[in-house]
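Here's the letter readout for the chains.
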Amino acid sequence: MNGVTTPPDLPEVDVVLPCLDEAGALPWVLARIPPGWRAIVVDNGSTDGSAGIARALGASVVHEPRRGFGAACQAGLAAATADIVCFCDCDASLDPSLLVPFVRQVRGGEADLVLGRRRPQGRSAWPVHARAGNLALARLLRRRTGLRLHDLGPLRAARREPLLGLGLTDRRSGYPLQMVVRAADAGWRITEHDVPYLPRTGASKVTGTWRGTWQAVRDMSHVLAEREPEPGPEPGPRAPQGGGVR
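Described in the following lines is the structure provided in the data block. Just so it is clear, the model here is predicted, and its values are computed rather than measured. (Residues numbered from 1 in each chain as written. Predicted model: local features only at pLDDT ≥ 70, side-chain atom pairs only at ≥ 80, totals over all residues. Heavy atoms only, no water.)

## Observations regarding the overall build of the protein chain
Put simply, the rule is: Only DSSP runs of H or I with at least four residues qualify as helices, and only runs of E with at least two residues qualify as strands; both kinds are numbered from the N terminus onward. Each residue gets one of three labels from its accessible area relative to the maximum for its type: buried under 20%, exposed over 50%, partly exposed in between, using a 1.4 Å probe on protein chains only. By definition, residues are in contact when any of their heavy atoms lie within 4.5 Å. Note on areas: Shrake-Rupley with a 1.4 Å probe; residue coverage comes only from the protein chains shown.
The number of helices and strands found in the protein chain is 8 helices and 7 strands. Buried positions account for 54% of the 246 residues belonging to the protein chain. Contacts in the protein chain between residues at least 24 apart in sequence constitute 78% of all its contacts with a sequence separation of at least 6. In the form shown here, the protein chain has an accessible surface area of approximately 10,900 Å², with 53% of it arising from carbon and sulfur atoms.

Take a look at the structure:
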């Protein structure tokens, strides 16, 4: 354990952790889930015993046989029961204890969706081609929604019912972007927090190669081409002072 404690002003939270062959990273990640929060590890077809390791370490395990990052995330969201749901990669590149201020901001009505802006710790943490793809998508997102975000990283928090109400349909790499686009279209207040981004454990399934990166960019480009929907659900209680994108 890393000594993280859950402040008394925070509620129970579900943390969705999409997982594909992350046996080496799971102990580190699950040890950093704040006490009182539930880890939902979504096994997306692992062959290295990840599901058993997660269960032995106290996580709830959901099996999603349909391959895809979005499929795993949506299965975890469907299994969640807490009012606030967080998402985090399961490869030890991000520390889930960093979600505590995200949750506090959502619970306090200061934001409806909080994202982690990844700050790489070392050159190996984020390959150049992956950074280039992320920058291109951030610019396209700004053109599509007006949001001045710098990253579309996987560390994030929001209320469960409004998330379900967004009706997310992408089941591959476009899922994180679709969440942001549809939230923006629905008038959600979206903020960013800087978070350290560590070299991941094991090989990346998406950004480890140029091909994987640009496949992800293509998936996300399809999301950006979606027509703007009718006004979506209200995301939850709002603070009197309003919010805004940071």
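## Things to note about the layout of surface pockets
For the record, the criterion: Using only the protein atoms, space was sampled on a 1 Å grid; points where a 1.4 Å probe fits but cannot get out form cavities, open sets with protein on both sides within 12 Å along at least five of seven lines form pockets, and lining residues are those with an atom within 4 Å of a point. Grid points are joined across faces, edges and corners, and a volume is the space filled by probe spheres set on the points.
Within this model, the second largest pocket holds a volume of roughly 200 Å³. In this structure, the second largest pocket is lined by 14 residues; those nearest its centre are R117, N134, L135, H150 and D151.

## Points about the packing of aromatic side chains
What counts, and what does not: Pairing of aromatic side chains here covers Phe, Tyr and the six-membered ring of Trp, requires ring centres within 6.5 Å, and sorts the geometry by plane angle: under 30 degrees stacked, over 60 edge-to-face, intermediate tilted. Two thresholds decide whether a charge sits over a ring: the Lys NZ or Arg CZ must be within 6 Å of the ring centre and within 35 degrees of the ring normal.
Counted by the stated rule, this structure contains 0 aromatic pairs. In this structure, R118 is placed above the aromatic ring of Y197, and the distance from its NZ or CZ to the ring centre is 5.1 Å.

## Thoughts on the environment of N134
Relative to the elements of secondary structure, N134 occurs in helix α5 (residues 128-145). For N134, a relative accessible area of 9% translates into the label buried. The spacing of N134 and G153 is 19 residues in sequence and 8.8 Å in space, taken between C-alpha atoms.

## As for helix α4 (residues 100-107)
Considered for burial, the residues of α4 that qualify are V100, F102, V103, Q105 and V106. Buried residues in α4 make contact with β1 (13-19), β4 (84-87), β5 (113-120), β6 (156-159) and β7 (190-197). G109 sits one or two positions beyond α4 and adopts a positive phi of about 75 degrees.

## Concerning the pattern of salt bridges
Just so we agree on the cut-off: Salt-bridge detection follows one rule: a side-chain nitrogen of Lys or Arg within 4 Å of a carboxyl oxygen of Asp or Glu.
In this structure the tally under the stated criterion is 8 salt bridges. The shortest N-O distance in the salt bridge between D83 and R159 comes to 2.2 Å. Of this pair, D83 sits in the loop between α3 (69-79) and β4 while R159 sits in strand β6; the two residues are 76 residues apart in sequence, bridging distant segments of the chain. Looking at D83, the relative accessible area reads 42%, which means it is partly exposed. Its salt-bridge partner being D112, residue R189 comes within 2.8 Å of it at the nearest N-O pair. Taken together, the residues span a long stretch of sequence, with R189 in the loop between α7 (175-185) and β7 and D112 in the loop between α4 and β5 at a distance of 77 residues. D112 carries the same exposure label as R189, and that label is buried.

## What to know about the sheet that holds β5
The cut-off we apply is this: Paired strands, in this sense, are two strands between which DSSP finds at least two bridges. To get an axis, fit a line to the C-alpha atoms, keeping to the stretch in contact for a helix; angles then go from 0 to 180 degrees between the N-to-C directions.
Judged by pairing direction, the sheet is mixed, and its 7 strands sit side by side in the order β3-β2-β1-β4-β6-β5-β7 without closing on themselves. Only two strands of the sheet have a single neighbouring strand rather than two, namely β3 (60-63) and β7. On average, each strand axis in the sheet is tilted by 20 degrees relative to the strand beside it, whichever way the strands run. Sheet analysis places β1 next to strand β2 (residues 38-43), joined by 6 bridges and oriented parallel. Paired with L17 across the two strands is V41, which belongs to β2. Sheet strands touched by α7: β4, β5, β6 and β7. Its angle to β5, the strand with the most contacts, is close to 135 degrees.

## A short note on the side chain of D95
Stated precisely, the cut-off is as follows: Charge assignment in this entry is limited to Lys and Arg as positive and Asp and Glu as negative, and neither His nor the chain termini are counted. What qualifies as a polar contact is a pair of N or O atoms within 3.5 Å, subject to a donor-acceptor requirement within protein and to the restriction that residues adjacent in sequence count only when both atoms come from side chains.
Residue position: D95 is located in the loop between β4 and α4. Of the buried charged residues, D95 lacks a salt bridge, with R32 as the closest side chain of opposite charge at 4.0 Å. A polar atom in the side chain of D95 sits 2.8 Å from the side chain of S97.

## Regarding the environment of A75
Mapped onto the elements, A75 comes out in helix α3. For the pair A75 and I40, spaced 35 residues apart in the sequence, the C-alpha separation amounts to 9.7 Å. Residues contacting A75, with those up to four places away along its chain left out, are V42, V62 and E64.

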